[in-house]
Protein chains: 2
Amino acid sequence: MPCCPPLTERMLTAEEAERTAAMFKALGDPVRLRLFSAVASAPGGEACVCDISDVGVSQPTVSHHLKKLKEAGLLVSERRGTWVYYRVEPGVLAAMGHLLMAPVPTDR
Amino acid sequence: MPCCPPLTERMLTAEEAERTAAMFKALGDPVRLRLFSAVASAPGGEACVCDISDVGVSQPTVSHHLKKLKEAGLLVSERRGTWVYYRVEPGVLAAMGHLLMAPVPTDR
DNA sequence: AGCCTGTTTCGATGTTCGTCAACATAGACG
DNA sequence: CGTCTATGTTGACGAACATCGAAACAGGCT
């Protein structure tokens, strides 16, 4: 059950835009987008921080970005022993895809 | 022909992330997102600036945001007489939808 | 000219990004 | 237990960037 109707259906309300923009904003940084795709494409659907820290910035910066992705509702984290694993919040990809889906793809 | 593989396929390269993040970033502002949805949902696929200026900010600010959406490759504009019309850059919605599409939706 | 629609320039205010240092948590080892 | 080492998180700071509106500007119609 997505948060908002497709962008092509009608103009979003201010509240809808606020919520939805927060997600797009989280993916609107190259480092965060790479981190997200690293988690999303990881085998088993999850990735340890130590496995995805090679994105060109320092490790604390990675942690800051992961926190933002978490606050945006895109990732969830779980500590297992020494390591912290991140995975994609279920349903998020489908919800965002739904937002961008045109009702009739190659028509208009 | 999308710019990048789905986010679930593999970790994006730095260049791919740079290009793609620019689009998400453009939609990562509530005002811009509303403007974009206003254009995307407009009858005929296009909207005059004067029709979508009621988003709670001044008209110059609307112009600023429309410019950013244009620079991000999400909108195109055309002047016809007194008015300027904006429409969604063809293929953009499908390309971004493709990015977020999981290979097997409700499986994992 | 006068009017209308949009854009651009400019400056003030606020936000984001990246790093260093300090802290928290978990395991290993004596 | 105490200490050491490894993995992540948090706080604080400066530099860079984004947002917004008032005013000035540009293009088109009558």
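Given the structure is predicted, the values throughout are model-derived calculations rather than measurements.

### So, the nonpolar core
In step 1: Formed by 68 residues in total, the largest nonpolar core has its most connected members in Phe36(A), Leu74(A), Phe36(B) and Leu74(B).
In step 2: Once you skip the residues sitting within four places of it in the chain, Leu74(B) turns out to touch Met23(B), Ala26(B), Leu27(B), Phe36(B), Leu69(B), Arg87(B), Val88(B), Glu89(B), Val92(B) and Met96(B).

### So, the packing of helix H1 (residues 14-26) of chain A against helix H2 (residues 30-40) of chain B
In step 1: The interhelical angle for the contact between H1(A) and H2(B), taken along N-to-C directions, is 110°, at an axis separation of 8 Å. As far as their axial angle goes, H2(B) and H1(A) are roughly perpendicular. Listed contacts from H2(B) to Ala14(A), Ala17(A), Glu18(A), Thr20(A), Ala21(A) and Phe24(A) of H1(A) are Pro30(B), Leu33(B) and Arg34(B).
In step 2: Along the lines of polarity and charge, the residues of the contact of H1(A) with H2(B) split into six nonpolar, one polar and two charged.

### Details of the interface of chain A and chain B
In step 1: Tallying the contact residues gives 34 residues for chain A and 34 residues for chain B.
In step 2: It is Met11(A), Arg34(A) and Leu100(A) that lose the most area in chain A upon contact with chain B, and together they represent 21% of the buried surface on that side.
In step 3: If you look at where chain A meets chain B, you find zero salt bridges.
In step 4: Taken together, the links from chain A to chain B amount to six residue pairs in polar contact (both at pLDDT 80 or more).
In step 5: At the level of elements, H1, helix H2 (30-40) and helix H4 (92-100) of chain A are the ones that each hand at least two residues to the side of chain A that touches chain B.
In step 6: Within the side of chain A that touches chain B, the residues separate by chemical class into 18 nonpolar, eight polar and eight charged.

### Details of the sheet that holds strand E2 (residues 75-80) of chain B
Residues and elements named next belong to chain B.
In step 1: Strand order across the open sheet formed by three strands is E1-E3-E2, with antiparallel pairing between neighbours. Only two strands of the sheet have a single partner each, and these edge strands are strand E1 (46-48) and E2. Strand after strand, the sheet turns through a mean of 30° between neighbouring axes, direction not considered.
In step 2: Pairing analysis gives six bridges linking E2 to strand E3 (residues 83-88), with the strands arranged antiparallel. Counted as the bridge partner of Glu78 is Tyr85 from E3.
In step 3: Sheet strands touched by H2: E1, E2 and E3. Its angle to E3, the strand with the most contacts, is close to 90°.

So, how was this worked out
Residues numbered from 1 in each chain as written. Chains lettered and ligands numbered in written order. Predicted model: local features only at pLDDT ≥ 70, side-chain atom pairs only at ≥ 80, totals over all residues. Heavy atoms only, no water. Core = buried A, V, L, I, M, F, W, Y, C linked by side-chain atoms within 4.5 Å. Buried < 20%, exposed > 50% of the residue type's maximum accessible area, 1.4 Å probe, protein only. Contact = heavy atoms within 4.5 Å. Axes fitted to C-alpha atoms, helices over the stretch in contact; angles between N-to-C directions. Helix = DSSP H or I, 4+ residues; strand = E, 2+ residues; numbered from the N terminus. Parallel < 35°, antiparallel > 145°, perpendicular 65-115°, else oblique. Nonpolar A, V, L, I, M, F, W, Y, C, P; charged D, E, K, R; others polar. Buried area = accessible area lost by both parts, 1.4 Å probe. Salt bridge = Lys/Arg side-chain N within 4 Å of Asp/Glu carboxyl O. Polar contact = N/O pair within 3.5 Å; in protein donor to acceptor, adjacent residues only side chain to side chain. Pairing = 2+ DSSP bridges.

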